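Residue strings, one per chain:
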Amino acid sequence: MRTPMLVAHRGEEYLAPEHTFSSYDLCRDAGIEYLELDVRQSKDGRLFSFHDEDVMRITGDPDRFCTLDSESIRALDAGSWFSSAFAGERIPMLEEIFDRYAKSMAFFFDVKEGTDEDVLVELIRQQSITGSSFFWFSDHRQRDRFRYIYPDFRIKENCSTVDDLSTLQMSMTPDIVECPPEACSGPLGRYCVRHGIELMTSLHECSHDQVGHMISCNVTYINTARPLECKETVDGILTAAGLK
């Protein structure tokens, strides 16, 4: 029985504002293995962890992220929208995230369009975290370029069927396949396990039955917006099975 590693989707976004130190700290302190970082680049070339194309939802400002310089981004209040208790939370730069978490957590990078992946790779190599990191690109041309230039870095792709994966493998074979929970026990899940491709799935709810099923499917990663709840469920299942 494989113990799945948990990937915190934007941190612990139900208990603290997404992509802030408060959210990430909860994950680190609970022993969550991975942070998912949405990587965006400022106008002056600095890399931050922020999901949306603009900052409207978080700050009420309609500006697109890529039009703001790093000083302007660091001045934004990224916490008050969630609760006044988090007023003054900042959008973190990747260097700050690495300094705070790289010794205790690993990272899944969702690389947004317009991000200079060469700058990202340089930061990652400075931290010596190449082996534990993995990446997803919404832009397939950017993904293919990245695979060609940086073959030592792991890439995740989304597939629902073996046919999806077979089509993808005509151009590249991913190191990790993310599939819907129901596909993990089907032909796609069995194909990935048989061919040494790691499996990842996303869970919105972390019930005992859902998590237990993912463990039985030998899923390597569970990506969840409720990482603390999911960890409690995983630990309970392993304890009951005498494995913890």
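Described in the following lines is the structure provided in the data block. Because the structure is a prediction, the values reported are computed rather than measured.

Rules used in this analysis
- Residues numbered from 1 in each chain as written.
- Predicted model: local features only at pLDDT ≥ 70, side-chain atom pairs only at ≥ 80, totals over all residues.
- Heavy atoms only, no water.
- Helix = DSSP H or I, 4+ residues; strand = E, 2+ residues; numbered from the N terminus.
- Rg over C-alpha atoms; globule rule 2.2 N^0.38 Å.
- Buried < 20%, exposed > 50% of the residue type's maximum accessible area, 1.4 Å probe, protein only.
- Lys, Arg positive; Asp, Glu negative; His and termini not counted.
- Charge placed at Lys NZ, Arg CZ, Asp CG, Glu CD.
- 1 Å grid on protein atoms, 1.4 Å probe; cavity = no way out; pocket = protein on both sides within 12 Å on 5 of 7 lines; lining within 4 Å.
- Points joined across faces, edges and corners; volume = space filled by probe spheres on them.
- Nonpolar A, V, L, I, M, F, W, Y, C, P; charged D, E, K, R; others polar.
- Patch = residues over 30% accessible without salt bridge, like charges linked within 9 Å, V, L, I, M, F, W, Y side chains within 5 Å.
- Areas by Shrake-Rupley, 256 points an atom, 1.4 Å probe, with all protein chains shown as cover.
- Salt bridge = Lys/Arg side-chain N within 4 Å of Asp/Glu carboxyl O.
- Phe/Tyr/Trp six-rings, centres within 6.5 Å; stacked < 30°, edge-to-face > 60°.
- Lys NZ or Arg CZ within 6 Å of the ring centre and 35° of its normal.
- Contact = heavy atoms within 4.5 Å.
- Polar contact = N/O pair within 3.5 Å; in protein donor to acceptor, adjacent residues only side chain to side chain.

### Side note on the overall build of the protein chain
Of the regular secondary structure elements, the protein chain holds 10 helices and nine strands. The C-alpha atoms of the protein chain give 18 Å as radius of gyration, which agrees with the globular expectation for 244 residues (18 Å, within 12%). In terms of overall dimensions, the protein chain has C-alpha extents of about 50 × 40 × 30 Å along its principal axes. Looking at the protein chain residue by residue over its 244 residues, the buried ones come to 51%. The average position of the 25 basic charges and that of the 42 acidic charges among the side chains of the protein chain differ by 3 Å.

### Observations regarding the layout of surface pockets
Rolled over the atoms, a probe with the dimensions of a water molecule shows which regions are left empty. Its volume calculated, the largest pocket comes out at about 310 Å³. If you go around the largest pocket, you meet 14 residues; those closest to its centre are Arg40, Glu53, Arg64, Lys112 and Glu113. Residues belonging to the lining of the largest pocket are distributed by class as follows: two nonpolar, six polar and six charged. Lining the second largest pocket we find 16 residues, and of these His9, Glu36, Ser202, His204 and Asn223 sit closest to its centre. When contributions to the lining of the second largest pocket are tallied by element, the ones reaching two or more residues are strand 4 (106–111), strand 6 (154–158), strand 8 (198–203) and strand 9 (221–224). Residues that form the lining of the second largest pocket fall into these classes: five nonpolar, six polar and five charged.

### Observations concerning a nonpolar patch on the surface
Together, Tyr14, Leu15 and Leu26 line one region of the surface with nonpolar side chains, adding up to about 280 Å² of accessible area. Assignment of secondary structure puts Leu15 in the loop between strand 1 (5–9) and helix 1 (21–30). Residue class for Leu15 comes out partly exposed when judged on its relative accessible area of 47%.

### Some remarks on unusual backbone geometry
We note that Ser128 has phi near 55°; this positive angle belongs to a residue other than glycine. Residue placement: Ser128 occurs in the loop between helix 5 (117–127) and strand 5 (134–137). For Ser128, a relative accessible area of 65% corresponds to the exposed category. Phi at Asn218 is positive, roughly 60°, even though this residue is not glycine. Looking at where Asn218 falls in the secondary structure, it is placed in the loop between helix 9 (208–216) and strand 9.

### Topic: the packing of aromatic side chains
For the coordinates displayed, the defined rule picks out 21 aromatic pairs. Between the aromatic rings of Phe135 and Phe137, the centroid separation amounts to 6.4 Å while the plane-to-plane angle is 10°, which identifies the pairing as stacked. Note on accessibility: Phe135 and Phe137 belong to one class, buried. Ring plane angle 75° and centroid distance 5.4 Å describe the contact between Phe135 and Phe153, whose orientation is recorded as edge-to-face. With a gap of 18 residues between them, Phe135 in strand 5 and Phe153 in the loop between helix 6 (140–149) and strand 6 connect regions that are remote in the sequence. Its relative accessible area of 0% is what places Phe135 among the buried residues. By relative accessible area, Phe153 is classed as buried at 1%. Directly above the ring of Trp81 sits Arg57, whose terminal nitrogen or CZ lies 5.9 Å from the centroid.

### Comments concerning the environment of His19
Tracing the backbone through its elements, the reader meets His19 in the loop between strand 1 and helix 1. Given the relative accessible area of 2%, His19 is considered buried. When the C-alpha atoms of His19 and Arg154 are compared, they prove to be 23 Å apart, with 135 residues separating the residues in sequence. Residue contacts for His19: discarding those within four places in its chain leaves Arg10, Tyr24, Glu36, Leu37, Asp38, Ser49, Phe50, His51, Arg90 and Pro92. Separated by 3.1 Å, the side chains of His19 and Ser49 make a polar contact.

Spatial relationships are all this shows, so hold off on functional conclusions.
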